[in-house]
Amino acid sequence: MEFLSQTILNGLMTSSFYALIAVGLSLVFGVMHIVNFAHGEFYMLGAYTVWILFAKMEWPFFVAVAAAIVLVGLLGLVSERLVFRHAHGKVLSGFIMSVGLVFILQVLVVKIWGLGKMKPVPAAFPQVLEIAGASTSWQRFIVVPVTVLLLGSLWIFLERFRIGRALRASALNPDAAALQGISPKKCAAVAMLLGSAMAGAAGALMAPIMSVHPYMGHSVVWTAFVVVIVGGPGNIKGSIVAALLFGFLTTVISTLLDSTIADLVNALVMLTLLAIRPEGVMGHD
Amino acid sequence: MTRFRRAVIFVVAHRRRVGWLAALGLFLVILPFLVRDYQVDVLIMLLINIIIVVSFRLITTTGRWSLAHIPMVGCGAYATALLTGGLGFPFWLSLPLSGLAAGAAALLMSYPLARTKGFAFFVASFAAGDALRLCWTRFKVPFGGHKGLTNVPVPSFFGAGDFAQAIPYYFLALAVTVLCLLVMWRLDRSRLGRTWKILDMNEDLAKSLGINATFYKILAFVLGSAFAGVAGVLLAHRLWAVVPAQFGFGATLYLLVWVVFGGTRTFQGPIIGVAALTLLREILKPLFEWVPLIFGTIIILTLIFLPEGLESLPRRLRPWLSKERLSLLETESEPTGYETVRQPGR
């Protein structure tokens, strides 16, 4: 019983993290048709922002997280303007440009803050949380409410606000949307801002839990890609469902066996799902 | 006799190109004696990378960019390590067998990949390749886990040459590379190669002509992966060891950069790309920490200003050249197979 509740709690935390990072990626793909491999580096920069502002300059934790969201969002906006706009929606060009961006950002981070030194970020909420026999620290749990909050506000933005609806229209059919006066460039900029900001939020929240180093985005971005593909590219609801699936799968297998087997099983599950439904579990075309 | 006469006529008719090829051949033969000792190993790696990029281009002619290509190189490397190191097979037998092993792995993967397109194919092919790499890391028997396999023997070739030395190994690698390139060049120019290209240009049209798109795509994937496996054999026997970390995603990223920088439209494009960037890397040796940043900048600028890669530069410059030069280039440009179908609006 205790094992079950502990697994559910861990699975929920892992899934929230996956959802937070994958939904941003999916949003960018849906609107811009860019497979942004640098999403992982944006996540890494979010973690670095918290390391600098919270661990070194001792700002309050949530102020540091907010700063990370804003800064990484702006970085996404700049990279859209300077780099991704020139891909003209070609998936391959966009992907390889983002690979170039990965190289650039990693070298810059290594050159500015160094490679070998540890970058410890203390826990802001070290108190222990106990629910139904399962225990974790508040620091680990905080990702769940924040993800619900951020995804909820994204949903309201996309459903209720004029710009949000314009964004969805542009994702569905850019030409038809442009005929209605919706600028594809503005939509791309907004999508990139929001998507990158979510990567920044994920990095900022994970900084006290994960080890902060220049290559931390690598494994994360692949998990996010798997989640986005299985959910159906550009399909945000599908991404959330897939995040829950893989979050629980990883947690259960890591607990019972080991994490390498968990990665292997994730890859095999994804390949099986793609063989059956190439358009994603929630896709409908 | 007619065969010989036809060959003579061919050489005379193509004397310019034959001359260039002979000069290139001579250059490649004397090159290892001109450079410093460690640079011979750089040249060996360049030859191996040339097989990798050309076999990668073979797959991309069908319009699919496989991110499982480097794991396929690893597949060949592990196969030869197990065959020669573990079972005592001779090198010359292990070379084609390991290529076949990589091809077989590709065939196994191609079923789940067959229906995926675009973004999904990227990620799915990466996941399939990474699943292989995770197997090598996880299973100590027979793959040796993180430390890999370190019992790869020095190749022996009926007692000819000491292949532990760099220069004899360079010539071995050169022979294998030339052989692989010849086969892939013939494939590229054949009916098969043209079929692959039409799949990239207009898959629906190809299907309407009765071409089995799935079959030809899988064939390209398997053949390209088999050549990647051969490259892996050369790699393993030079380094005398195989480690899973060699075949991680970093290597795939460099492969993409080489290929995109050179351009995939023509056969020689990727070779130009990998040769130019290897040279640049040697020149930038004192700045090695900055190399990824420089490569990243180069690749972004290439995609913005020269989207078809370095090999499209002469074509781009043509309007600025003088008239005589223009006619000279005109006669030298050869069909690449992409001319067979012209689509409106492309």
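Quick notes on the rules
Residues numbered from 1 in each chain as written. Chains lettered and ligands numbered in written order. Predicted model: local features only at pLDDT ≥ 70, side-chain atom pairs only at ≥ 80, totals over all residues. Helix = DSSP H or I, 4+ residues; strand = E, 2+ residues; numbered from the N terminus. Rg over C-alpha atoms; globule rule 2.2 N^0.38 Å. Buried ≥ 20, exposed ≤ 12 C-beta atoms within 10 Å, placed from the backbone. Contact = placed C-beta atoms within 7 Å. Nonpolar A, V, L, I, M, F, W, Y, C, P; charged D, E, K, R; others polar. pLDDT = per-residue confidence, 0-100. Domains from an automatic or database assignment. Pairing = 2+ DSSP bridges. Core = buried A, V, L, I, M, F, W, Y, C linked by C-beta atoms within 7 Å. Expected span 1.5 Å × (residues − 1). Arc of directions from axis to C-beta. Axes fitted to C-alpha atoms, helices over the stretch in contact; angles between N-to-C directions. Parallel < 35°, antiparallel > 145°, perpendicular 65-115°, else oblique.

Asks: Describe the overall build of chain A, naming the residues involved and giving the relevant values.
Replies: What chain A contains, in helices and strands, is twelve helices and two strands. In terms of overall size, chain A behaves like a compact globule, its C-alpha atoms giving a radius of gyration of 19 Å where 285 residues would be expected to give roughly 19 Å. On the principal axes, the C-alpha backbone points of chain A span a range of 55 × 45 × 35 Å. Within chain A, the fraction of its 285 residues that count as buried is 51%.

Asks: Now, about the overall build of chain B: what can you tell me, with residues and values included?
Replies: Within chain B one finds 16 helices and zero strands. Taken over C-alpha atoms, the radius of gyration comes to 21 Å for chain B, in line with the 20 Å a tight globule of 346 residues would show. Taken along its principal axes, the extent of the C-alpha atoms in chain B is 65 × 55 × 50 Å. Relative to its full complement of 346 residues, chain B shows a buried share of 42%. Considering only intrachain contacts with a sequence separation of at least 6, the fraction spanning at least 24 residues in chain B is 77%.

Asks: Provide a residue-level description of the interface of chain B and chain A, including the pertinent values.
Replies: Between chain B and chain A, the residue contacts involve 33 residues of the former and 35 residues of the latter. Looking at the side of chain B that touches chain A, the elements with two or more residues in it are α5 (91-113), α6 (118-138), α12 (249-262) and α14 (291-305) of chain B. Broken down by element, the residue count for the side of chain B that touches chain A peaks at 13 residues, all from α6(B). When grouped by side-chain class, the residues that make up the side of chain B that touches chain A number 25 nonpolar, five polar and three charged.

Asks: Pulling in residues and values, what's your account of the confidence of the model for chain B?
Replies: Residue and element names in this part refer to chain B. Residues with a pLDDT of 70 or more make up 90% of chain B, whose mean pLDDT is 83. When mean pLDDT is compared element by element in chain B, helix α11 (residues 213-239) scores highest at 91, while helix α16 (residues 323-332) scores lowest at 55. Interface confidence for the predicted complex, given as ipTM, is 0.83, next to a pTM of 0.83.

Asks: Give a description of the domain arrangement of chain B that names residues and reports values.
Replies: Residues and elements named next belong to chain B. When the domains of chain B are assigned, the result is domain 1 (38-247) and domain 2 (250-262 + 269-337). Just the C-alpha atoms count here: the centres of domain 1 and domain 2 sit 23 Å apart. Taken together, the contact between domain 1 and domain 2 spans 19 residues of the former and 13 residues of the latter. Of all elements in the fold, only α3 (37-60), α4 (69-86), α8 (166-189) and α9 (191-201) reach the threshold of two or more residues within the side of domain 1 that touches domain 2. Per-element tally for the side of domain 1 that touches domain 2: the top contributor is α3, with nine residues. Within the side of domain 1 that touches domain 2, the residues separate by chemical class into ten nonpolar, four polar and five charged.

Asks: Hey, could you go over the pairing of strand β2 (residues 134-137) of chain A for me, with residue numbers and the actual values?
Replies: All names here are of chain A. Where strand β1 (residues 128-131) and β2 come together, four bridges link them in antiparallel fashion. Directly across from Glu130, in β2, lies its bridge partner Ser135. Hairpin connection, β1 to β2: the antiparallel pair is bridged by two residues, and Ala132 has positive phi, about 50 degrees.

Asks: I'd like a rundown of the nonpolar core, residues and numbers included.
Replies: Side chains of nonpolar character tend, in soluble globular proteins, to be buried together. Ranked by internal contacts, the top residues of the largest apolar core, which has 188 residues, are Ile21(A), Ala47(A), Val50(A), Ala191(A), Ala201(A) and Ala124(B). Two domains each put at least three residues into this core: domain 1 (38-247) and domain 2 (250-262 + 269-337) of chain B.

Asks: Break down unusual backbone geometry for me, with residues and values.
Replies: Despite not being glycine, His33(A) has its phi angle at roughly 55 degrees, a positive value. Along the chain, His33(A) turns up in the loop between α1 (2-32) and α2 (39-56). One non-glycine residue, Trp240(B), lies in positive phi territory at about 60 degrees.

Asks: Which residues make up helix α11 (residues 236-256) of chain A, and what are the values?
Replies: Residue and element names in this part refer to chain A. Compared with the 30 Å implied by 1.5 Å per residue over 21 residues, the 30 Å span of α11 between its first and last C-alpha is a close match. Buried within α11 are the following residues: Ile236, Gly238, Ser239, Ile240, Val241, Ala242, Ala243, Leu245, Phe246, Gly247, Thr250 and Thr251. Against the buried residues of α11 lie α1, α10 (217-231) and α12 (259-276).

Asks: I'd like to hear about helix α6 (residues 143-160) of chain A, residue by residue, with values.
Replies: Residue and element names in this part refer to chain A. Here α6 contains 18 residues, and its C-alpha end-to-end distance of 25 Å stays within 8% of the 26 Å for a straight helix at 1.5 Å per residue. By the burial criterion, the buried members of α6 are Val143, Thr147 and Leu150. Projected down its long axis, α6 shows its buried positions confined to an angular sector of 75 degrees, all on one face. In α6, the exposed residues that point more than 90 degrees away from the buried face are Pro145, Leu149, Gly152, Ser153, Ile156, Glu159 and Arg160.

Asks: Can you explain the environment of Leu82(B)? Please cite residues and give values.
Replies: Residues and elements named next belong to chain B. Looking at the secondary structure, you find Leu82 in helix α4. Since 21 C-beta atoms lie within 10 Å of it, Leu82 is described here as buried. As for Leu82 and Leu209, which are separated by 127 residues in sequence, their C-alpha atoms are 44 Å apart. Excluding anything up to four places from it in sequence, Leu82 contacts Leu87 and Pro142.

Asks: Can you lay out the packing of α6(A) against helix α9 (residues 184-206) of chain A for me, pointing to particular residues and giving the numbers?
Replies: Residue and element names in this part refer to chain A. Relative to each other, α6 and α9 sit at 170 degrees, their axes nearing to 11 Å. One way to sum up the angle between α6 and α9 is to call them roughly antiparallel. Residues Val143, Val146, Leu150 and Leu154 of α6 form the contact with α9, whose participating residues are Leu194, Met198, Ala201 and Leu205. Of the residues that constitute the contact of α6 with α9, the class distribution is eight nonpolar, no polar and no charged.

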